Structures are given as structure tokens and as C-alpha cells.
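Listed below are the residues making up each chain.
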Amino acid sequence: MANSDAIVGWKTITFGCHILEPGNAANFRTGDWRSQRPVVDKEKCIKCGMCWVFCPDMAYNQDEDGYFVVDLEYCKGCGICAHECPKDAITMVPEEG
Amino acid sequence: MSKRVGIEVSIAIAEAVGLARAEVIPAYPITPQTHIVEHLSEMVANGELDAEFVPVESEHAAMSCCCGSIAAGARTFTSTSSQGLALMSEILYIPSTMRLPIVMVVANRAMSAPISIWNDHQDVMVQRDTGWIQTFAENGQEAVDLTLHAFRVAEDRNVSLPMMVNIDGFTLSHVIEPIELPDQEEVDKFLPPFKPRYKLDPRRPITMGPVGIPEVYTEAKVAHDMAMKKAKRYILKAWDEFAEIFGRKYNPVESYRTEDAEILLVTMGSISETAMTAVDAMRDAGQKVGLLRIRLWRPFPGQEFRKAVGKAKVLAVVDRCLPPGALCGPVGAELRSLFYKIPGSPKIFSFVAGLGGRDVTVERFEEIVDKARAFAKKRPRELYEVIGVREK
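These figures come from a predicted structure and were not determined experimentally.

Caption draft 1: Expanded view of the overall build of chain A. A tally of regular secondary structure across chain A gives two helices and four strands. Nonlocal contacts in chain A, meaning residues at least 24 apart in sequence, comprise 66% of its contacts between residues at least 6 apart.

Structure representation (C-alpha cells):
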């Protein structure tokens, strides 16, 4: 379910506004109000996973090569990963527009 | 068979809640509601009622606890009054839009300041727009009957809304009246076990009470409003079923000697009994006066009220609530809105009386009718009048 699916009429909205599908938050894009995003410099990255550990939204995933890559659908740009990275490999870059 | 007993109305209400087999009762004591929950706690402690009595630390906690227990699928009851109802206010909006059918008896009492433990309707009128179904009882029997009715209506899957039964503090809560207490078999026939449409159950997880982003909030509120409007049909149906089993018939608007009446008093709650005595006296004196009593306040029974007014030319509306700075009391405002620009509609005059436990006597009702008659000839300067107030 994308965010647009939440736009329902009063006749079709769930009873009592309940969420009847458990864990469906995973289906929602939640990173669209971010003001800055993390950019990882793979030259500096040692694949330690501190960004993955500290990310409060579990937005980091490990790729096939072992690098940790942020999923911008969920990243809210808080910058904790950049702050915690022991190699300063992550830079917060302002989102354009 | 039901038995007719002399009993304090609060105790009778507690007995009715027991007959309704309430399962969870979170409550905090406050005058004049105390005897209701005190008796329920005794019934639970004595093993007469198989329920959880939760002695919470405040009314805010009481209503929060009610939300939890009803969401888990337990038949839930609480009761409060005045400042306690105000402390619940933040939570009251939550079970209503979430469609959680809590039943609450409110022993109506004035709001401080000045501190008053006595009866009027200011406490409940503040909570008018919380989205609860609201009824008003006139006497002890009705308080018992409306309590049973509230469980039946609130928990009806077509309704699924919380319901508030209003009884006048002291005037009803603390008097001993002859009341017919139904027996368990009859109540079980009227009130099937609570089967909610949804409940919190780890085996079938759902989320209740999520955030409503701007894209869905309006739709959630309109769905609630529509559920309230639709509820009226089931409120009436439950009253019909109640009449079949218990032999007492209720309706949204009660009419008393309204045939050929030119002036109708409009009241809510226990002062209606005095109003009927006043109507009898005025009828004896040859005046064409009648009485309408609003039993169902939310959802407002506009259609039934208009029908009950018939051809009467003047309505004298008595509010037991004085909202400072408003155009008139809430019942007066509702009725002015109901009849606005409808051809042939009656002239509506708004009165405020009976604040903070002040008696509204037969003479006061006669005064109200006299004033309404005079106002119909010569438009009053003010939009409402406070009855019996001293200037000096």
C-alpha cells in the first residue's frame, strides 16, 4: 500500500479507523518529508555497520558487497548515522526542492 | 418476574449494571455519583458480580481504563459527575470515533467555580460534542431502564458507540423511589452477550487508535457523524424491544398534555416532573399549556421533536446551563437551529433555570410560561432570560 491508498472516502474508511492488517507500516513511504539525506563515501567505509545499528528507522540494508546502503523511502534524514560513523564516511546533503 | 422495591436510585442503577453482567468497572468516586460505584464495588467484593472493579487514581484513568477493557472485548461500565466528567474530557472523544461502546452514567452536577456539588446540566453540556449517545432520565425507574437500554444500544453492532445516561445529581441519585427491578432472565433476553466487531486479540492482531493524517481525519470524523445519525434507528428499535419485554415504552421526545396546546414548555431530566405538575395547574386554570421532554439529546431527534411540537405557537425552552457569552443555552440554541426559517415554526424563547441545585418550582414554571406568552406579543430585548436571579 502506498500513501495514496490511504486516501479513502468516509464510506470505505475502516471501522473506527482501525488498522486491520498487522505491520502494514512497512508498506508506507515515510521518508518523503526529509530535508537532508546521508551520502556514503565507499572509499572511507569499512562496512562496520554502525549506521545500520544506530538508524532509528532501520533504513539501512546491507548490499551484496557488504556495504550498508540507506533506503530513502524510509530515511528521515536525522543524521544519526553520519554522527555515529567512526570513519566520517557519511555526509548529510541537503535535499533539493 | 421483576420485583417492585423501595430503593435508592443509585443503588438501583448499580443493580441494573449487575443485571447487565458488566465485566469491567473502572471508576473513581465523586459526589453525587459515589453510591453507584460504591455499591458496584461491594457487589464485586461480595462475589455477587463476576467483574473486575478497577479502583483507578482519577477519572482520566477511569476512562482510559474503560477504553482498554472495551477494546479487549469486555462489557464496560463507569460513572462520574461534574469535575470528574471534565477530567475525563480528553479521553471521551477517543472511544466515540473509535466506536468503542462504553456505558457511563453521569450524575449531573454543576461545574465549579464557585464550588457546587448540586445539580444542573453544565457538566454534560460541556461534553455535548464528544460524540457519545446521550439520554436523560426523568425518574429512578427511567434511570434504571435507560442504563439497561444503553448497553443494548451501544453494543449493537450497527451502532457501536459509547453511551452516556444522564441522571440528575441528588434529585435522582440520592432519592429512594419505588422501582421495578427486572429479573436476570428478562435482562438476559434483552441484552445478549457483548460481541464486538473488532477487539484487541493477539491471535488476530489489529491496531486501534492510529494517527489520522490530514488525508483521512475528515473522513474518520464524517464516518463517526454518520454512525451517530444512523444510531437513532437502533435506539428506537431497542426501546421497542424493551417495551415488549419490560412493558415500559420510551421514545426520544416525551409529550405531556400537548393536544391543542399553544405554549409548550421544553425540559430535560427530573425537573420535568415538576413541570408536569405546573402544566396540570395551568390546564386547570384554562391555559393551553403542555410539556415536551427531550429524552434523547444526542443524536438529536429533530424529526420527532418537530412532530411533537405539532401546531404549538410558542416554545418556552428551559436550559439548566448558562454558557457565558453565548446567544442562549444549548437546548435553546439547538431548537432555534432546528426551526430556523421553517414556515409556520413556533416562536422560541430561551430560559435558564435551576443552576447549581436551585429548585425550579411549579411557580417558576408558571412564571416561564407567562413570560413566554408576553414575549410572543412583544419581542424580548434579550435572547434568553435567567429565571429567579436576584439583582440586589
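Caption draft 2: Just the domain arrangement of chain B, in detail. Residue and element names in this part refer to chain B. The domains assigned to chain B are domain 1 (3-246) and domain 2 (253-386). Each of domain 1 and domain 2 was reduced to a C-alpha centroid, and the two centroids are 28 Å apart. Domain 1 puts 26 residues into the contact, and the matching count from domain 2 is 20 residues. Only helix H5 (122-126), strand S6 (133-136), strand S7 (163-168) and helix H8 (214-246) provide two or more residues apiece to the side of domain 1 that touches domain 2.

Caption draft 3: Summary view of the sheet that holds strand S15 (residues 384-386) of chain B. Residue and element names in this part refer to chain B. Taken in spatial order, the six strands make up an open sheet running S9-S11-S10-S13-S14-S15, and their pairing is mixed. Bordering the open sheet on either side are strand S9 (253-256) and S15, each of which pairs with just one other strand. Sheet twist, expressed as the mean angle between neighbouring strand axes with direction ignored, is 25 degrees. Sheet topology note: the strand S10 (residues 263-267)/strand S13 (residues 314-319) ladder contains four bridges and is parallel. Along S13, the bridge assignment pairs valine 266 with valine 317. Against the sheet, helix H11 (residues 330-339) touches S10, strand S11 (289-294), S13, strand S14 (347-352) and S15, its axis set at about 150 degrees to S13.

Caption draft 4: The arrangement of the nonpolar core in detail. Within the largest apolar cluster, 122 residues are counted, with the highest numbers of intra-cluster contacts made by Ile13, Met163, Leu265, Val266, Ala316 and Val317 of chain B. Top element by residues in this core is H8 of chain B. It accounts for nine residues. Split by domain, the residues of this core number at least three in each of domain 1 (3-246) and domain 2 (253-386) of chain B. The contact partners of leucine 265 of chain B, leaving out residues within four places of it in the chain, are Ala275, Val279, Leu291, Ala316, Val318, Phe365, Ile368 and Val369 of chain B. Within the second largest apolar cluster, eleven residues are counted, among which are Val70, Cys81, Cys85 and Ile90 of chain A.

Caption draft 5: Fine view of the interface of chain B and chain A. Taken residue by residue, the interface counts 19 residues in chain B and 13 residues in chain A. When the residues that make up the side of chain B that touches chain A are grouped by side-chain class, the tally is twelve nonpolar, three polar and four charged.

Caption draft 6: Geometry of the sheet that holds strand S12 (residues 296-298) of chain B. Residue and element names in this part refer to chain B. Taking strand neighbours across the sheet as the criterion, the five strands line up as S4-S5-S7-S6-S12 in an open arrangement whose pairing is mixed. The open sheet terminates on both sides in strands that have one partner only, identified here as strand S4 (77-80) and S12. Here the strands of the sheet are splayed against their neighbours by 25 degrees on average, with no regard to which way each runs. Contacting strand S5 (103-108), S6 and S7, helix H6 (residues 140-155) crosses the sheet at an angle of about 170 degrees to S7.

Caption draft 7: Structural view of the environment of valine 362 of chain B. Residues and elements named next belong to chain B. Tracing the sequence through the fold places valine 362 in helix H12 (residues 362-377). Look at valine 362 and you get partly exposed, because 16 C-beta atoms sit within 10 Å. Distance in space between the C-alpha atoms of valine 362 and serine 82 is 26 Å, their sequence separation being 280 residues. Those residues in contact with valine 362, other than ones at most four positions away along the chain, are Thr274, Thr277, Ala278 and Ala281.

Caption draft 8: The packing of helix H3 (residues 59-71) of chain B against helix H4 (residues 82-97) of chain B, seen in detail. All names here are of chain B. In the contact formed by H3 and H4, the axes pass within 7 Å of each other and the chain directions differ by 25 degrees. Here H3 is positioned roughly parallel relative to H4, judged by the angle of their axes. When you trace H3 past H4, the crossing you get is right-handed. Contacts between H3 and H4 involve Glu59, His60, Ala62, Met63, Ser64, Cys67 and Ile70 from the first element and Gly84, Leu87, Met88, Glu90, Ile91, Leu92, Ile94 and Pro95 from the second. Residues that form the contact of H3 with H4 fall into these classes: ten nonpolar, three polar and two charged.

Caption draft 9: Region of interest: the confidence of the model for chain B. Of all residues in chain B, 100% have pLDDT values of 70 or greater, and the mean over the chain is 97. In the model output, the complex is listed with pTM 0.92 alongside ipTM 0.89.

Caption draft 10: Structural view of the packing of helix H1 (residues 9-19) of chain B against H6 of chain B. All names here are of chain B. Relative orientation of the contacting elements H1 and H6 amounts to 20 degrees, with a least axis distance of 9 Å. Looking at the two axes, H1 sits roughly parallel to H6. For the pair H1 and H6, the crossing hand works out as right-handed. Contacts between H1 and H6 involve Val9, Ala12, Ile13, Ala16 and Val17 from the former and Gly140, Ala143, Val144, Thr147 and Leu148 from the latter.

Cut-offs used in this document
All residue numbers here refer to positions counted from 1 along the written sequence of the relevant chain. Here chains are named by letter from A upward and ligands by number from 1 upward, in the order in which they appear as written. Local features in this predicted model are restricted to residues of pLDDT 70 or higher, and side-chain atom pairs are both shown and tallied only at a pLDDT of 80 or more, whereas totals for entire chains, interfaces and linings draw on every residue. Put simply, DSSP marks the helices as runs of H or I at least four residues long and the strands as runs of E at least two long, and each gets a number from the N terminus on. Distance between backbone-placed C-beta atoms decides contact: two residues are in contact if it is within 7 Å. Here the bounds of each domain stem from an automatic or database domain assignment. Should DSSP find at least two bridges between two strands, the strands are regarded as paired. Axes, fitted as lines to C-alpha atoms, cover a helix only where it is in contact. Angles between the N-to-C directions of the axes lie from 0 to 180 degrees. By our criterion, buried Ala, Val, Leu, Ile, Met, Phe, Trp, Tyr and Cys residues that link up through C-beta atoms within 7 Å make up a nonpolar core. Once C-beta atoms are placed from the backbone, each residue is buried if 20 or more other C-beta atoms lie within 10 Å of its own, exposed if 12 or fewer, and partly exposed for counts between those two. Residues are grouped as follows: Ala, Val, Leu, Ile, Met, Phe, Trp, Tyr, Cys and Pro are nonpolar; Asp, Glu, Lys and Arg are charged; all remaining types, including Gly, are polar. Geometric relationships in this document are graded by angle, where less than 35 degrees denotes roughly parallel, more than 145 denotes roughly antiparallel, 65 to 115 denotes roughly perpendicular, and other angles denote oblique. Note on convention: the crossing is left-handed when the near helix lies turned anticlockwise from the far helix by less than a right angle, right-handed when the turn is clockwise. On a range of 0 to 100, pLDDT expresses the predictor's confidence in each residue.

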